[in-house]
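# A look at the structure
Take a look at the letters that make up each chain.
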Amino acid sequence: VQLQASGGGLVQAGGSLRLSCAASGRTFSRAHIAWFRQAPGKEREFVAGIRWPSRHTYYGDSVKGRFTISRDNTQNTVYLQMNSLKPEDTAVYYCALDENAILSSLWQAGQYDYWGQGTQVTVSS
């Protein structure tokens, strides 16, 4: 399985970006697909996740109400729409896939089997 993340960039505070994660190589009857982020000197943090096939979505507390995760099944792509960006959102963003899809592990980076290469998001104040 290959995950290709894209869409990062430099944006001013209050602005928006949309990240994309394109998956290829296999299809899954169930999975978790999530975005994590990691800022310099900090641990990798859960941002948002979507369960497949239910499409239930979950968000980290720091992004609730500002970020939206969605999936385009026809293109096998997961998106992260990020609005009202803040300087503290600055990080490298990674998409990841967990083929075991146990709900209690959705937030745990160590449970994910496949990772994209990361895309830098920088929010200036």
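Here we summarise the structure given alongside this text. (Residues numbered from 1 in each chain as written. Predicted model: local features only at pLDDT ≥ 70, side-chain atom pairs only at ≥ 80, totals over all residues. Heavy atoms only, no water.)

## Points about the nonpolar core
Rule in force here: What is meant by a nonpolar core is a set of buried Ala, Val, Leu, Ile, Met, Phe, Trp, Tyr and Cys residues, joined one to another through side-chain atoms within 4.5 Å. Buried means the residue's accessible area, taken with a 1.4 Å probe over protein chains only, is under 20% of the maximum for its type, while exposed means over 50%, and partly exposed covers the values in between. Helix numbering and strand numbering both begin at the N terminus, where a helix is a DSSP run of H or I of at least 4 residues and a strand a DSSP run of E of at least 2.
Counting 30 residues, the largest nonpolar core has Trp35, Val47, Phe67, Ile69, Leu80, Met82 and Tyr93 as its most contacted members. For this core, the secondary-structure elements that each account for two or more residues are β1 (2-6), β3 (17-24), β4 (31-38), β5 (45-52), β7 (67-72), β8 (77-82), β9 (91-98) and β11 (119-124). Membership of the second largest hydrophobic core comes to six residues, among which are Phe36, Ala96, Leu106 and Tyr112.

## Observations regarding the pattern of salt bridges
Just so we agree on the cut-off: Salt bridge, as used here: a side-chain nitrogen of Lys or Arg that lies within 4 Å of a carboxyl oxygen of Asp or Glu.
Enumeration according to the criterion identifies four salt bridges in this entry. Residues Glu45 and Arg37 are paired through a salt bridge, measuring 2.8 Å at the closest nitrogen-oxygen approach. With a relative accessible area of 6%, Arg37 lands in the buried category. For Lys64, the salt bridge goes to Asp61, with nearest N and O atoms at 3.2 Å. Judged by relative accessible area, Asp61 falls into the exposed class, the value being 66%. Through salt bridges that share partners, Arg37, Glu45, Arg66 and Asp89 make up one connected network.

## What about the layout of surface pockets?
Formally: Cavity and pocket criteria rest on a 1 Å grid covering protein atoms alone: a 1.4 Å probe that fits but cannot get out defines a cavity, protein on both sides within 12 Å along at least 5 of 7 lines defines an open pocket, and an atom within 4 Å of a point defines a lining residue. Grid points are joined across faces, edges and corners, and a volume is the space filled by probe spheres set on the points. Residue type decides the class: Asp, Glu, Lys and Arg count as charged, Ala, Val, Leu, Ile, Met, Phe, Trp, Tyr, Cys and Pro as nonpolar, and the leftover types, Gly among them, as polar.
When its volume is computed, the largest pocket comes out at roughly 160 Å³. Lining the largest pocket are 14 residues, with Arg26, Phe28, Arg71, Asn76 and Leu97 positioned closest to its centre. Taken together, the residues of the lining of the largest pocket break down into 10 nonpolar, two polar and two charged.

## What about the sheet that holds β3?
Rules: At least two DSSP bridges between two strands are required for those strands to pair. Only C-alpha atoms enter the line fits that serve as axes; for helices the fit covers just the stretch in contact. Angles between N-to-C directions range over 0 to 180 degrees.
What the four strands build is an open sheet, ordered β1-β3-β8-β7; its pairing is antiparallel. The sheet is open, and its two borders are formed by β1 and β7, each paired with just one other strand. For this sheet, the mean inter-axis angle between neighbouring strands, taken without regard to orientation, is 15 degrees. Here six bridges tie β7 to β8, and the two strands are oriented antiparallel to one another. In the sheet register, Arg71 faces β8, and the bridge partner there is Val78.

## What to know about the state of the cysteines
Each disulfide consists of one covalent bond between the sulfur atoms belonging to two cysteines. Counted only if it meets this: Whenever a pair of cysteine sulfur atoms sits within 2.5 Å, that pair is classed as a disulfide.
In the structure shown here, the tally under the stated rule is one disulfide. Linked covalently through their sulfurs, Cys21 and Cys95 form a disulfide whose S-S length is 2.2 Å. Measuring handedness by torsion sign, the sulfur bridge of Cys21 and Cys95 sits at about 70 degrees and is right-handed. Note that Cys21 is positioned in strand β3 and Cys95 in strand β9, a separation of 74 residues in sequence. By relative accessible area, Cys21 is classed as buried at 2%. Residue Cys95 is classed as buried on the basis of its relative accessible area of 0%.

## Considering the packing of aromatic side chains
Threshold: Any pair of Phe, Tyr and Trp rings, taking the six-membered ring for Trp, is counted once the centres come within 6.5 Å. Such a pair is stacked with planes under 30 degrees apart, edge-to-face with planes over 60 apart, and tilted for the rest. Only Lys NZ and Arg CZ are tested; either one counts as a charge over a ring when it is within 6 Å of the ring centre and within 35 degrees of the ring normal.
With the rule as written, the count across this model stands at seven aromatic pairs. Look at Tyr94 and Trp115: their rings are 6.3 Å apart centre to centre, the planes differ by 80 degrees, and that puts the pair in the edge-to-face class. One end of the pair, Tyr94, is in strand β9; the other, Trp115, is in strand β10 (residues 114-115), with 21 residues separating them in the sequence. Among the aromatic residues, those joined into a ring-pair cluster are Phe36, Phe46, Tyr58, Tyr94, Trp107, Tyr112 and Trp115. Taking NZ or CZ as reference, Arg18 lies 4.1 Å from the ring centre of Tyr79, over its face.

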